[in-house]
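A look at the structure
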Amino acid sequence: TVLEGEGGRGYWSVMSGGGKQAAAQGGNVLLRWINSPTGPRTTHFWGPAANWGLSISGFIDMRKPVDMISEKMTFALCIYSLLFIRFA
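Note that this is a predicted model, so its numbers are computed, not measured.

**Some remarks on a nonpolar patch on the surface**
Taken together, Phe75, Ile79, Leu82, Leu83, Phe84 and Phe87 make up a surface patch of nonpolar side chains, about 680 Å² in accessible area. With a relative accessible area of 40%, Phe84 lands in the partly exposed category.

And the structure:
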């Protein structure tokens, strides 16, 4: 199946041991992470990073005076939340 992973081992056993395996094999752990399937060269990294960016900008807007709050940003946050509430 898709979740069997490499060599018939379970998906989570393959994915959870990535850092330990990289350290045990030697070499640059940071470089291995950059080139990994969940590193910064993939959407698996940038999607959540952008999501946190939107949330942080919403919290920053809470400290602004009412007349300075961006209507466009508030609208974008509401639409984004409605579109992706299914995955929360």
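Still more ground to cover, so stick around.
**Topic: the environment of Met73**
Position of Met73 among the secondary structure elements: in helix H5 (residues 71–84). Measuring from C-alpha to C-alpha, the distance between Met73 and Ser57 comes to 8.7 Å, with 16 residues separating the pair along the chain. Ignoring any residue separated from it by four or fewer positions in sequence, one finds Met73 in contact with Leu54, Ser57 and Asp61.

**Some remarks on the packing of aromatic side chains**
If you walk through the whole model with that rule in mind, you get two aromatic pairs. An angle of 75° between the planes, with centres 5.7 Å apart, marks the rings of Trp33 and Phe45 as edge-to-face. Taken together, the positions of Trp33 in helix H3 (residues 29–34) and Phe45 in helix H4 (residues 43–61) put the pair 12 residues apart, joining distant regions of the chain. Plain terms: the ring middles of Phe45 and Trp46 are 4.8 Å apart, the flat faces sit at 90° to each other, and that makes the pair edge-to-face.

**As for the confidence of the model for the protein chain**
Detailed reading of predicted coordinates is not advised where the pLDDT is low. Here the protein chain averages 73 in pLDDT, while 68% of its residues score no lower than 70. Element-level mean pLDDT values for the protein chain span from 48 in helix H1 (residues 11–16) up to 88 in H3. Segment residues 1–5: pLDDT under 50, and seven contacts once partners within four positions in sequence are set aside and those in other chains are kept.

Cut-offs applied
- Residues numbered from 1 in each chain as written.
- Predicted model: local features only at pLDDT ≥ 70, side-chain atom pairs only at ≥ 80, totals over all residues.
- Heavy atoms only, no water.
- Patch = residues over 30% accessible without salt bridge, like charges linked within 9 Å, V, L, I, M, F, W, Y side chains within 5 Å.
- Areas by Shrake-Rupley, 256 points an atom, 1.4 Å probe, with all protein chains shown as cover.
- Salt bridge = Lys/Arg side-chain N within 4 Å of Asp/Glu carboxyl O.
- Buried < 20%, exposed > 50% of the residue type's maximum accessible area, 1.4 Å probe, protein only.
- Helix = DSSP H or I, 4+ residues; strand = E, 2+ residues; numbered from the N terminus.
- Contact = heavy atoms within 4.5 Å.
- Phe/Tyr/Trp six-rings, centres within 6.5 Å; stacked < 30°, edge-to-face > 60°.
- pLDDT = per-residue confidence, 0-100.

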